[in-house]
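Notes for the structure review
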Amino acid sequence: MDDGRPGEQLYAVLAAKRRQITLAVLITGGTGQIGSFLCQSLLRSGEEVIIYDVKPNMENIKAFKDRVRLVEGDILDRNQMVEIIRKYGVKSVYHLAAVVVIESRENPVKSASVNCLGTANVFEACRLADVERVVFTSSSAVIGRPDSYQKSVVTEDDVPHCPPDPYSATKVMNEVFGQHYYSRFGLKTLCLRISAGWGPGRYVGFTGVFNDMIRKLARGEPASLPQDFAYSKAPLRWVYVEELGDCLAFAGRVDEAKIRRRLYNVGTRRPFTPVEFVAMLKQILPDARLQAEWRDKPTESALNVAGPSGLDFDCTRFYDELGYKETLGLRESLERAIAFERAA
């Protein structure tokens, strides 16, 4: 029966069509090391995944490229981001695109442009397009040197004593802007300040040389433990990149009522030392030709990064408040990394 209200009928039709649309998630930098593992975690959960990447690394996504939608786009182009978010009905954004440590030091202007303005563009695009949540990453590199603190363990409550490093400085700015967009505009941002992600997918840069060491040993080649990671007492909370992908995916769907702060440190629940890591590696690869020259203090470069510097980076709130459950221990993580490299 026609009730004479065509406006309401049209609204009902549009509402029905909207319910038929599968909302998507978008990952900036989705073909990078961490992004590619996040993609796989989201796909396992049945999500429709949009990768937004300025220079896609097809090698990292070759195993599942037909299951994702790839958009070549730049986070410096805010209008394009808004268009893509609206076009595909994106509900959540995972912002991983960044200029990393070594490149930031060599090209600080590019680092400031991409990491600072680019991240601000992501927040603004998400605000304009009514995205439900933005998960973005920071780094333990914001913490600074141990002698800046009067204790051996830092938590989310400690104000970072940022070192004079371009990458670290841009990540502090990202944290501040994320909090501002939440407080001022109500954009549900959630920052994961990551200890470090290790494993396949990246073999250059600060942690990349560590990954390259594992790749060489897995292939039967000789390798040396990088000196930046040879301080024997360093409390490392590094996360295997597959587990890190799961951490990020979890952060995107965790109940808002559980979130007590807009920033969480993310790493393993308990730290391990480089000595323990090497011992486990030798258990798995008893014939490995690994040269490890242990240090009784960190290198100058390592002093700027919590963990390798000797300063512990507490991550328990991510588990206790949000409820994340670790699935991979150190041994299984190493076994998976070795199997991946041998199959590559």
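So, a few notes on the structure that sits alongside this text. (Residues numbered from 1 in each chain as written. Predicted model: local features only at pLDDT ≥ 70, side-chain atom pairs only at ≥ 80, totals over all residues. Heavy atoms only, no water.)

1. Thoughts on the overall build of the chain
Scanning the chain from terminus to terminus reveals twelve helices and 13 strands. Here the chain has a C-alpha radius of gyration of 21 Å; the compact-globule value for 344 residues is 20 Å, and the two agree. Reported as C-alpha extents along the three principal axes, the dimensions of the chain are approximately 85 × 45 × 40 Å. Buried residues in the chain amount to 52% of all 344 residues. Here the chain has roughly 16,100 Å² of accessible surface; of this, 50% comes from carbon and sulfur atoms. Averaging the locations of the 46 positively and 44 negatively charged side chains of the chain gives two centres separated by 1 Å. (Helix = DSSP H or I, 4+ residues; strand = E, 2+ residues; numbered from the N terminus. Rg over C-alpha atoms; globule rule 2.2 N^0.38 Å. Buried < 20%, exposed > 50% of the residue type's maximum accessible area, 1.4 Å probe, protein only. Areas by Shrake-Rupley, 256 points an atom, 1.4 Å probe, with all protein chains shown as cover. Lys, Arg positive; Asp, Glu negative; His and termini not counted. Charge placed at Lys NZ, Arg CZ, Asp CG, Glu CD.)

2. Section: the side chain of E156
Take E156: it is sitting in the loop between β6 (153–154) and α7 (166–185). Within the structure, E156 has its side chain in polar contact with the backbone nitrogen of N265 (distance 2.9 Å). In this structure the side chain of E156 is engaged in a polar contact, spanning 3.3 Å, whose partner is the side chain of R317. In this structure, E156 is in contact with R261, L263, Y264, N265, D314 and R317, ignoring residues within four places of it in sequence. (Polar contact = N/O pair within 3.5 Å; in protein donor to acceptor, adjacent residues only side chain to side chain. Contact = heavy atoms within 4.5 Å.)

3. Description of the layout of surface pockets
Its volume calculated, the second largest pocket comes out at about 360 Å³. Along its surface, the second largest pocket is lined by 19 residues, and E59, N60, K62, F340 and A344 are the ones closest to its centre. Put simply, the parts of the chain that give the lining of the second largest pocket at least two residues each are α2 (33–44), α3 (58–61) and α12 (330–343). For the lining of the second largest pocket, the per-class residue count stands at nine nonpolar, five polar and five charged. (1 Å grid on protein atoms, 1.4 Å probe; cavity = no way out; pocket = protein on both sides within 12 Å on 5 of 7 lines; lining within 4 Å. Points joined across faces, edges and corners; volume = space filled by probe spheres on them. Nonpolar A, V, L, I, M, F, W, Y, C, P; charged D, E, K, R; others polar.)

4. So, the sheet that holds strand β2 (residues 48–53)
Across the sheet, which stays open at both edges, the seven strands sit in the order β3-β2-β1-β4-β5-β7-β11 with parallel pairing between neighbours. Edge positions in the sheet fall to β3 (69–72) and β11 (263–266), since each of these pairs with one other strand and no more. In this sheet, neighbouring strand axes are inclined to one another by 20 degrees on average, regardless of whether the strands run parallel or antiparallel. Both strand β7 (residues 189–194) and β11 contribute to a ladder of four bridges, which runs parallel. Following the sheet pairing, L192 is matched in β11 by Y264. (Pairing = 2+ DSSP bridges. Axes fitted to C-alpha atoms, helices over the stretch in contact; angles between N-to-C directions.)

5. Section: empty space enclosed by the protein
Counting across every chain of the model gives one cavity of 30 Å³ or more. Approximately 40 Å³ is the volume attributed to the largest cavity. In terms of lining residues, the largest cavity is bounded by F210, L225, F229, L236, P274, F277 and V278. Looking at the lining of the largest cavity element by element, the count peaks at three residues for helix α10 (residues 274–284).

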